[in-house]
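Letter by letter, the chains look like this.
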Amino acid sequence: SGSGLPLMVQRTLAKQVSLCHCVGKGRYGEVWRGSWYADSVAVKIFFSRDEASWRRETEIYSTVLLRHDNILAYIGSDMTSRGSCTQLWLITHFHPLGSLYEHLNRTTLTRNQMMAICLSAVNGLLHLHTEIHGTQGKPAIAHRDIKSKNILVKVNGDVCIADLGLAVTRAHVAAGVSHNPRQGTKRYMSPEMLDQSINTQCFESFLKCDIYALGLVLWETARRVAPAPDYRPPYYELAAPDPSFDDMRKIVCVDAARPEPPDDPHPTMVGMAALMRECWHQNPSVRLPALRIKKTLLKLAANDNS
Ligand code: ADE
């Protein structure tokens, strides 16, 4: 199944897509740029061991109308049997600038560019987190793997949130079907995930984990405002490239370490530093909701006369 279109149409879509070149490889599988007539599309090819992520992402995109400027736009899904092998495809819009992680590695930012990235990222997360009633409604959705590699940069300088493979709704949590052998990214895991004090029966717990991870993304982005040091991932000075769960638990829970917010006296940057601290607070119940973060960013942007 896919975008609400009949299976025949979906299958036809996948057959019409030709893969051009691989733009990313990771633990999840591969992402290719593909073409569909005149359109560029992105094709994410999942490893078959990660079928649960493909199923969840396909389910969410096809049961919820998720059309938002700051959420990666879905085109369709396809499952093809090749002998004993199952090929799992997710077809979405293509963004030639790639992920925020790649973008921050490549370039420094102006404060305005930083603000466009942070505001649009929060706006995408706010849309995911918000329950909307009515015919065009949607349930609240927790993402559960927010990080700069799962945020894509659009050519207009805004970003959109990608990878709903771990996402959950309240119904998933209530039905106890939130488990996926895949875990979120350890570097971005919240203290309550790492010390296992999180109440996994409570849907709101997962929203608070997203806010913690968003705080780290705000830090990564704000750190690249020119003149800027080279890009670094969160906890670069404390955690090895592929940290274990226990490494991260010691850093984030036992030592309660956090990234050092940029030390820039400009009021916007002082405001950003305060905001990230309110996102990654040890106590999940005092972290700001996405709407509050958006309002704070809008105020910082309005008061910034460059
Ligand atoms: N990398 C992962 N997903 C992508 C997409 N949709 N467009 C461009 N690069 C990507």
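To start, this report covers the structure provided alongside it.

Thresholds applied
- Residues numbered from 1 in each chain as written.
- Predicted model: local features only at pLDDT ≥ 70, side-chain atom pairs only at ≥ 80, totals over all residues.
- Helix = DSSP H or I, 4+ residues; strand = E, 2+ residues; numbered from the N terminus.
- Rg over C-alpha atoms; globule rule 2.2 N^0.38 Å.
- Contact = placed C-beta atoms within 7 Å.
- Near = placed C-beta within 6 Å.
- Nonpolar A, V, L, I, M, F, W, Y, C, P; charged D, E, K, R; others polar.
- Core = buried A, V, L, I, M, F, W, Y, C linked by C-beta atoms within 7 Å.
- Buried ≥ 20, exposed ≤ 12 C-beta atoms within 10 Å, placed from the backbone.
- Axes fitted to C-alpha atoms, helices over the stretch in contact; angles between N-to-C directions.
- Parallel < 35°, antiparallel > 145°, perpendicular 65-115°, else oblique.
- Pairing = 2+ DSSP bridges.

**Concerning the overall build of the chain**
1) Next: Helices and strands together make up the secondary structure of the chain, namely 10 helices and nine strands.
2) Next: Over its C-alpha atoms the chain spans a radius of gyration of 19 Å, differing by no more than 12% from the 19 Å that the globule rule assigns to 306 residues.
3) Next: With respect to the three principal axes, the spread of C-alpha positions in the chain is 60 × 45 × 40 Å.
4) Next: A separation threshold of at least 6 residues defines the contact pool for the chain, and within that pool the share at least 24 residues apart is 68%.

**Focus on the site of the ligand**
1) Next: In the vicinity of the ligand, the contacting residues are Val23, Gly24, Val31, Ala42, Leu72, Thr92, Phe94, His95, Gly98, Ser99, Leu152 and Ala162.
2) Next: In terms of residue class, the shell around the ligand is built from seven nonpolar, five polar and no charged.

**Digging into the nonpolar core**
1) Next: Ranked by internal contacts, the top residues of the largest apolar core, which has 78 residues, are Ile91, Ala121, Ile161, Leu214, Leu218 and Cys279.
2) Next: Non-local contacts of isoleucine 91, meaning those with residues more than four positions away in its chain, are made with Leu13, Ala14, Val17, Val41, Val43, Ile75 and Gly76.

**Notes on the packing of helix H9 (residues 267-279) against helix H10 (residues 290-303)**
Think of two packed helices as two axes; the pair is described by the angle between the axes and how far apart they sit.
1) Next: At a minimum axis separation of 10 Å, H9 and H10 run at an interaxial angle of 170°. The angle between the axes of H9 and H10 places the two elements in the roughly antiparallel class. Contacts from Pro267, Thr268, Gly271, Met272, Leu275 and Cys279 in H9 reach Ile293, Thr296, Leu300 and Asn303 in H10.
2) Next: In the contact of H9 with H10, the residues fall into six nonpolar, four polar and no charged.

**Things to note about the environment of glutamine 282**
1) Next: For glutamine 282, the location among the structural elements is in the loop between H9 and H10.
2) Next: According to the C-beta neighbour criterion, glutamine 282 is partly exposed, with 14 such atoms within 10 Å.
3) Next: Once the C-alpha coordinates of glutamine 282 and leucine 66 are considered, the two residues, 216 residues apart in sequence, prove to be 31 Å apart.
4) Next: Sequence-distant contacts of glutamine 282, that is, excluding residues within four places in its chain, are made with Pro191 and Ala256.

**Considerations on the packing of helix H4 (residues 111-129) against helix H7 (residues 203-222)**
1) Next: Following both chains from N to C, one finds H4 and H7 inclined at 170°, their axes separated by 10 Å at the closest point. It follows from the interaxial angle that H4 and H7 lie roughly antiparallel. Contact with H4, carried on its side by Met114, Ile117, Cys118, Ala121, Val122, Leu125 and His129, involves Leu207, Asp210, Leu214, Val217, Leu218, Thr221 and Ala222 of H7 and no other residues of that element.
2) Next: A breakdown of the residues in the contact of H4 with H7 according to their chemical character gives 11 nonpolar, two polar and one charged.

**Here we look at the sheet that holds strand E4 (residues 74-82)**
1) Next: A sheet is described by the order of its strands in space; here five strands give the open sequence E1-E2-E3-E5-E4, paired in antiparallel fashion. For this open sheet the edge positions go to strand E1 (18-26) and E4, each flanked by a neighbour on one side alone. Geometrically, the sheet is characterised by an average inter-axis angle of 25° between neighbouring strands, direction not taken into account.
2) Next: Taken together, the six bridges between strand E3 (residues 39-46) and strand E5 (residues 85-93) define a ladder with antiparallel strand orientation. Bridge pairing links isoleucine 45 to tryptophan 89 in E5.
3) Next: Along the sheet face, helix H2 (residues 51-63) touches E3, E4 and E5 and points at about 40° away from the line of E5.

**Notes on the environment of glycine 26**
1) Next: Inspection of the secondary structure assignment puts glycine 26 in strand E1.
2) Next: Taking the C-beta count within 10 Å as the criterion, glycine 26 has 9 such neighbours and is therefore assigned exposed.
3) Next: Between the C-alpha atom of glycine 26 and that of alanine 226, which follows or precedes it by 200 residues, the distance is 30 Å.

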